[in-house]
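Next come the chains, spelled out residue by residue.
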Amino acid sequence: MARDDVKTGYKLIGTRPNRPDGLDKVTGRARYGADFSLPGMLWAAVVRSPHAHARIVKIDASKALALEGVKAVVTRADLPTGLTGEDLNLQDNTLAGDRALYDGHAVAAVAATSQLLAQDAARLIEVEYEVLPHVTDVDAAIAPDAPVIRPGVADYSVPEGMHGNVARYMEFGHGDVEAGFAAADVVREHTYRTEATHQGYIEPHAAVGQLGEDGRGEMWVCTQGHWYIRRMSAAVLGIEAANLRVTPSEIGGGFGGKTTIFMEPLTLALSKKAGGRPVKLVMSRSEVLRATGPTASASMDVKIGMKKDGTITAGQVYFRMQGGAFPGMSPIGEALPCAFACYDIPALKHEGIEIITNRPKAAAYRAPGSPMAAFAVESMIDELCRELNLDPIEVRLKNGAKNGSKSSYGPVYDVIGLQETLQAARAHPNYSIPLGPNQGRGVASGFWFNHGGETSVSLAIGEDGTATVSVGTPDIGGSRASIGLMVAEHLGIPYENVRVNVVETGALGVNEPTHGSRATFASGKAAIEAANQAIREMCRRAAAEWGIEPEAVEWRDGAAHPAGPNAGKHPPMTIGEIGAKMGSTGGPISGHHEVTAGGYGASFGTHVVDVEVDPETGRTTVLRYLVVQDAGTAIHPAYVEGQYQGGAAQGIGWALNEEYIYGPDGRLQNPVFLDYRIPVASDLPMIDTVIIEVPNPGHPYGVRGVGETGITPPLPAIASAIAGATGVRIRSLPCSPPKVLAAIKAAKG
Amino acid sequence: MRYHTPTTFQDAAAIAAASTGTLRFLAGGTDVLVQMRAGMVQPDDLIDLKHIPGVDRIEKTPEGGWRIGVAVPGIVLGAHKELVRDWPGVVEGMNLVGSTQVQGRATLAGNLCNGSPAADSVPGLFAAGAVVTVTGPKGSRDIPVEQVPVGPGRTSLAKGEVISAITLPPRAKNGGDAYLRFIPRTEMDIAVVGCAVNLRLDGDRVAEARVALGAVAPTVILSEACAQAIIGTTLDDAALAALAKAAKGAAKPISDKRGTKEFRIEVAGVLARRAARIAYDRAKGMKA
């Protein structure tokens, strides 16, 4: 799609150079959270509740403290009191107060001179519990007989008469849904469920913290956002943010789960109690699964009306989501707006409630709420398409949102690329490959808002004409490479001459984490503005030397050039020449930009999947998988494709086998990767990708965030493909073999 | 913890007999070390068997069978062409355990002694009629493999006893075996149901058969009813249906996080049919 206002013909943008962190990562040199150590460092271990819900009667650490080499034990009594709101929730989750609220809830922590000693000491800490009634299922939690876990949890939004476990209520919509349903030829209504899944990042949470008696401290931590870690840790411990310096490590995956704190403040609390010695804490995989944020589980009622020609006349949803034992953590506020975001429908009604259960405090997970919403709505649209014998892409083209459509959640879309993804999916060879016996094809579209957020970036010109960029967004998906490409393009210098560093909290203004698919968009946008500032200064230096006005100098191809007829004839002054003498022409040259970045454009995608289901075992094999998604402009196409493939892989896992399984005792049954079944490499085909580029007018190079949309369509697309292969519709994820086989057998009668 | 490195099975047995605390034998270590790291077991005595001469060897017996040392890892079994030719089902079961890295360490004896009803190599050993040599303070004895496991995580071995070798019988002419397991993924998983079939043909008819099922009872089980369902048949559709029915009847599983009881019963029948078909084709000399 040609647009006058968007630049094309880039030299570097759209190329695929090596990522700057690549060699370190493949050789093992990259320093992740657990790789950091300091002299005199202690190791920590955490005592966790084995009960889903229990009053903590007594904690006796005397036997642990009697061990040679045990230096400190902390319990809730060591943390400050008087916190409120989310700060209190964070503190309650860091160390339980009077009650343990879920299996795995931290109750005490110990620091000792070795990791084994700390683990031995943790086993010696005696905790007396009084077990309380619990509930872990989202629907069971609002049954009349369900125990009220946290009396008074409801906020102002909850109507009177709702169950005591309801924390929040939301409602919005437009148009007359009853008239819409009356105008439809077919109206269907079903309930869909998704189980909680974990982000499954390979690197467990790890931190080294040091806090002296003077209240000044440091932390080295694996995180998506170290300013968040600083603010939250400072709040939990009652120290000032400025007195905590936080440095991020390389990060082995986050997917939203590392945008908050879980155990990080414990390293500081233990350090302070141990006389300021640094304390290291590395979670085991079981701790990660039991006690860090998975995403919500959901139970969702959907009603949609469709005409025989595929026109959708009205839609209505009621979502119930639980985000664990703390309010505010279920993504109900994102799931509802995402539900119909791909469509332009005259009448819509959205309602939803957040429910409290005895599960770990949920955290963000890649497009929080959108995959569940898509599973419900896109599954039902597929059901209607099959019932009315309509092509699922045609129906989406017919009803899909376009430029200028008023979105389902209110704002009007500016320039979006949903239609382009649908057209490309329809034209792709995968969409017309003939299917064999027991094979089926599923189609679904997906959406994510994307995000801008608080951003602060600095850029400095080196004496040799290279550029160093300091960003505050940890690089998870290749953002250093992408930001480097944009800055190099902008300055007109080689990619290799730009180094992008992720710097600590003392080096920049506050940055939000790498979340909301914002790093390449927002840090990139700020880096371009910082480069503009440096370019203006370099032009001034050249102008001063040439004795002309700065306005008579233009910057291109990495050099200042005299511009216009009156500027005189001067040979171009390169960035290297300007850098070499900047000390004597006015001092260091740098640029800085800080902004709460707006103008982020939504990213839409459409997926097509073919599966084969073994009718005798219910086992699903993914035969081929296509992701088509709008990237705005793909700065580094390889990493855009990587995001598309990664999102699809996680979505496939969620659709097929991943789930949190709780026993009747409220304990998590599968807190290891053997039984929490994320896909292994051989489970997946090579995932085909098509990058659509409908440039985002809100970014100088047209960038849209690409990280999250890709996890959204797989859930309904897989279930729809299974429906095509077997004739049975699974409305409750995961589509695990026992469930699919039982459905096949039930359908046979 | 005391770490021992005896050089004879007699010495290993003597150390084990004298141990008064928690005891573990260490061969590949792919169960024991993981359990130690997870805090599931903290042995007082850990007896490493890998210093005993011969434990890393696969030897042909005078009768034409195979004697497999207790420290022979899966990857070595898989690379042993003659063994794979004779007992493809046994080897493919072992080779399904864990990852490539785990295959470099994990052993048949360890998989057997870990006592899991879902152990992938054990149904194949049952179906093959493997014999286990047990060495104790009073000497060695040979027992059928199916007498070793007695429950989840438990074996019939007495205190002071250790497995010193596993012997596969000579492969009969026109024989073949196969092992299949069901997992929701493609690798790196644990059997929800497993089934091994070993048979010998007389012409087109099944003359002898042994069928073992995994993960459907507290131990791997050998099903005589399954064997009888196919002996004397040409493994036609009726025989396969009878085999499936017998396997479903023999399966006494529980529902757990890995699968439901109903699912396991159903899939036991499916796997029995499919494994029998592969074993039959192998016995016929067809590639499978």
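Computed from a prediction, not measured in an experiment: that's the story for all the values here.

Chemist: Could you give me a rundown of the overall build of chain B, with the residues and numbers involved?
Modeler: If you tally the helices and strands in chain B, you get 11 helices and 14 strands. Taking 19 Å as the expected radius of gyration for a compact globule of 288 residues, we find that chain B reaches 19 Å, a close match to that expectation. Viewed in the frame of its principal axes, chain B has a C-alpha envelope of about 55 × 45 × 35 Å. Within chain B, the proportion of its 288 residues that are buried is 52%. Of all intrachain contacts in chain B linking residues separated by at least 6 positions in sequence, the fraction that spans at least 24 positions is 63%.

Chemist: Break down the interface of chain A and chain B for me, citing the residues and quoting the values.
Modeler: Interface size, as often reported, equals the accessible area lost upon joining of the parts. Tallying the contact residues gives 20 residues for chain A and 18 residues for chain B. For the side of chain A that touches chain B, the leading source of residues is helix α19 (residues 737-748) of chain A, giving four residues. The residue inventory of the side of chain A that touches chain B, partitioned by class, reads eight nonpolar, seven polar and five charged.

Chemist: Let's hear about the packing of helix α10 (residues 237-250) of chain B against helix α11 (residues 261-283) of chain B: which residues, and what values?
Modeler: Packed helix pairs are characterised by how far apart their axes lie and by the angle those axes make with each other. Residues and elements named next belong to chain B. Relative orientation of the contacting elements α10 and α11 amounts to 140°, with a least axis distance of 8 Å. On the basis of the axis angle, α10 is oblique to α11. Between α10 and α11 lies a crossing of right-handed hand. Judged by residue contacts, L240, L243, A244, K245, A247 and K248 of α10 engage I265, E266, A268, G269, V270, A272, R273 and A276 from α11. For the contact of α10 with α11, the per-class residue count stands at nine nonpolar, one polar and four charged.

Chemist: A description of the domain arrangement of chain A should follow, citing residues and the corresponding values.
Modeler: Residue and element names in this part refer to chain A. As far as domains go, chain A holds domain 1 (369-450 + 601-748) and domain 2 (452-597). Every contact between the two is made by 16 residues of domain 1 and, on the other side, 14 residues of domain 2. By residue number, the principal contributor to the side of domain 1 that touches domain 2 is helix α17 (residues 637-656), which donates three residues. Its residues assigned to classes, the side of domain 1 that touches domain 2 shows seven nonpolar, seven polar and two charged.

Chemist: Residues and numbers for the sheet that holds strand β1 (residues 42-48) of chain A, please.
Modeler: Residue and element names in this part refer to chain A. Strand order in the open sheet formed by seven strands is β3-β5-β1-β12-β9-β10-β11, with mixed pairing between adjacent strands. Sheet topology places β3 (70-74) and β11 (244-248) at the edges, where each strand pairs with a single neighbour. Within this sheet the neighbouring strands show an average axis-to-axis angle of 20°, counted without direction. Pairing geometry for β1 and strand β12 (residues 279-282), over two bridges, is parallel.

Chemist: So what's going on with the sheet that holds strand β16 (residues 439-448) of chain A? Residues and values would help.
Modeler: Residue and element names in this part refer to chain A. The four strands lie next to each other as β16-β24-β25-β26, forming an open sheet whose pairing is mixed. Looking at the sheet topology across the chains shown, the edges are occupied by β16 and β26 (688-692). Shown here is a sheet whose adjacent strand axes are inclined to one another by a mean of 15°, direction ignored. Here five bridges tie strand β25 (residues 620-630) to β26, and the two strands are oriented parallel to one another. Bridge pairing in β26 places Q629 opposite I691.

Chemist: Tell me about the nonpolar core, and name the residues and values.
Modeler: One finds A44, V110, A527 and I718 of chain A together with V197, A272 and A275 of chain B to be the most contacted residues of the largest nonpolar core, which totals 335 residues. Those residues in contact with V110 of chain A that lie beyond four places of it in its chain are A44, A45, A64, V70, V73, A118, A121, A122 and I125 of chain A.

Chemist: Give me the lowdown on the domain arrangement of chain B, citing residues and values where you can.
Modeler: Residue and element names in this part refer to chain B. Structurally, chain B comprises domain 1 (58-168) and domain 2 (189-283). Elements with a minimum of two residues in the side of domain 1 that touches domain 2: α5 (88-95), α8 (122-128) and β8 (149-151). Tallying contributions element by element places α8 first for the side of domain 1 that touches domain 2, with six residues. Across the side of domain 1 that touches domain 2, the residue classes tally to 12 nonpolar, five polar and two charged.

Chemist: Residues and numbers for helix α4 (residues 115-124) of chain A, please.
Modeler: Taken together, the buried positions of α4 of chain A are occupied by L117, A118, A121 and A122 of chain A. The arc that holds the buried residues of α4 of chain A, viewed along the axis, is 140°, so those residues lie on one side.

Chemist: I'd love a proper account of unusual backbone geometry, names of residues and values included.
Modeler: With an omega of 0°, the peptide bond between L733 of chain A and P734 of chain A qualifies as cis. Here P734 of chain A is to be found in the loop between α18 (714-726) and α19. One non-glycine residue with positive phi stands out, namely A367 of chain A, at about 55°. With phi around 65°, A215 of chain B is a residue other than glycine that occupies positive phi space. For A215 of chain B, the position within the fold is in the loop between β13 (205-214) and β14 (221-222).

Chemist: Break down the pairing of strand β10 (residues 217-221) of chain A for me, citing the residues and quoting the values.
Modeler: Two faces make up the sheet, and in a regular strand the side chains alternate between them. Residue and element names in this part refer to chain A. Most of β10 sits out of view: five of its five residues are buried. In β10, alternate side chains face the same way, and those of G217, M219 and V221 on one face and E218 and W220 on the other are all buried. Where strand β9 (residues 206-211) lies against β10, five bridges are found, and the strand directions are antiparallel. Residue V208 lies in a different strand from β10, and its bridge partner there is W220. What sits between the antiparallel neighbours β9 and β10 is a turn of five residues, in which G215 has the positive phi angle 75°. Taken together, the five bridges between β10 and β11 define a ladder with parallel strand orientation. Following the sheet pairing, E218 is matched in β11 by R245.

Basis of the calculations
- Residue numbers here run from 1 along each chain, matching the order of that chain's written sequence.
- Chains carry letters and ligands carry numbers; both start at the beginning, A for chains and 1 for ligands, and go up in the order they are written.
- For a predicted model such as this one, the threshold for reporting local features is a pLDDT of at least 70, and the threshold for listing and counting side-chain atom pairs is 80 or more; totals across whole chains, interfaces and linings nevertheless cover every residue.
- Each helix corresponds to a stretch of at least 4 residues labelled H or I by DSSP, and each strand to a stretch of at least 2 residues labelled E; elements are numbered beginning at the N terminus.
- Two things to know: the radius of gyration comes from C-alpha atoms, and the globule rule equals 2.2 Å times the number of residues to the power 0.38.
- Partly exposed residues are those falling between the two cut-offs: more than 12 but fewer than 20 other C-beta atoms within 10 Å of their own, whereas 20 or more means buried and 12 or fewer means exposed, with C-beta atoms placed from the backbone.
- By the convention adopted here, residues make contact when the C-beta atoms placed from their backbones lie within 7 Å.
- Only Asp, Glu, Lys and Arg are considered charged in this grouping, and only Ala, Val, Leu, Ile, Met, Phe, Trp, Tyr, Cys and Pro are considered nonpolar; every other residue, Gly among them, is considered polar.
- To define axes, lines are fitted to C-alpha atoms, for helices over the stretch in contact only, and angles between the resulting N-to-C directions are given on a 0 to 180 degree scale.
- Our angle categories are set so that under 35 degrees counts as roughly parallel, over 145 as roughly antiparallel, 65 to 115 as roughly perpendicular, and the remainder as oblique.
- Working rule for handedness: look at the near helix, and if it is turned counterclockwise from the far one by less than a right angle, call the crossing left-handed; if clockwise, right-handed.
- Domain limits in this description derive from either an automatic procedure or a database domain assignment.
- For two strands to be treated as a pair, DSSP must find at least two bridges joining them.
- Residues enter a nonpolar core if they are buried, belong to Ala, Val, Leu, Ile, Met, Phe, Trp, Tyr or Cys, and are joined to the set through C-beta atoms within 7 Å.
- To be clear, the arc concerns the directions from the helix axis to the C-beta atoms.

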